Amino acid sequence: MKIVIIGASGTVGRAVTEELSRRHEVIRVGRTKGDEQVDITSQASVQALFEKIGPVDAIVSASGGLHFGPLSTMTDGEFNQGLQDKLLGQVRLALTGQHYLNEGGSITLISGIVAHEPIAQGVNATTVNAALEGFVRAAACELPRGIRINLISPTVLTESAEAYDGFFPGFESVPAATVALAYRRSVEGVQSGRVYKVGY
């Protein structure tokens, strides 16, 4: 398979790249690093990426920024960060990328545990992740040519637990390599419209 991985230089992205590159041709994409670069908040940038790399068998996203902060002081501009980046950025990858997928190809996006388990200062993250679940379930009903779409929803990563110390009290963490296995399941499997929860 020819697979494009967006967010390949991040913690999850590196693990997914390592897992999938053992069996497939992988194109690593990042905002500033990788084989190619893309800004997922820009339609022109996403369109240019797919036009450059051409048809692929799988589109994999491990990308998307969010805003963490108290609701009492949150502005609409801050809230909009997660909407434009992790939510619409990944939706944009799917909407545009579907036209560059070979028959029977797949799209895999990422959300997170806070879609189901809200945390303090995580209103933006919960909203965005829950919306991504809805998008994937609905999109799976309409995608043509045997194209599949799934969502990976991990708990806090073991590698990131210290950086997020205090945000996830009492949450068990999961290694990025375990999350990468869920991506393999999505890319190489047959299911569509699924939310693969990892570590919870």
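Everything that follows concerns the structure shown earlier in this document.
Residues numbered from 1 in each chain as written. Predicted model: local features only at pLDDT ≥ 70, side-chain atom pairs only at ≥ 80, totals over all residues. Heavy atoms only, no water.

**Side note on the nonpolar core**
The condition that has to hold: Buried Ala, Val, Leu, Ile, Met, Phe, Trp, Tyr and Cys residues form a nonpolar core when they are joined through side-chain atoms within 4.5 Å. For the exposure calls, accessible area comes from a 1.4 Å probe over protein chains only, and a residue counts as buried if that area is under 20% of its type's maximum, exposed if over 50%, partly exposed in between. It only takes one pair of heavy atoms within 4.5 Å for two residues to be counted as in contact.
Counting 29 residues, the largest nonpolar core has V4, I6, F50, I59 and I149 as its most contacted members. With near-sequence residues (within four places) excluded, F50 lies in contact with V4, I59, L93, T96, G97 and Y100. Counting 23 residues, the second largest nonpolar core, distinct from the first, contains I3, V12, A58 and V60.

**Points about the pattern of salt bridges**
Put simply, the test is: Just to be clear on terms, a salt bridge is a Lys or Arg side-chain nitrogen sitting within 4 Å of an Asp or Glu carboxyl oxygen. Comment: elements are numbered from the N terminus, with helices defined as DSSP H or I runs of at least four residues and strands as E runs of at least two.
Tallying each qualifying case throughout the model produces 10 salt bridges. D39 is paired through a salt bridge with R31; the nearest N and O atoms lie 3.2 Å apart. A salt bridge links R31 to D85; its shortest N-O distance comes to 3.3 Å. Linking R31 in the loop between β2 (25-30) and β3 (36-37) with D85 in helix α3 (residues 76-97), this pair joins segments that are 54 residues apart in sequence. The class for D85 is buried, based on a relative accessible area of 13%.

**Here's the deal with the environment of Y196**
Defined as follows: By the criterion applied in these results, polar contacts are pairs of N or O atoms within 3.5 Å in which, for protein atoms, one can donate a hydrogen and the other can accept it, and in which residues neighboring in sequence qualify only through two side-chain atoms.
Looking at where Y196 falls in the secondary structure, it is placed in strand β7 (residues 195-198). Taking the C-alpha atoms as reference points, Y196 and N150, separated by 46 residues in sequence, lie 7.6 Å from one another. A polar contact is formed between the side chain of Y196 and the side chain of Q191, at a distance of 2.7 Å.

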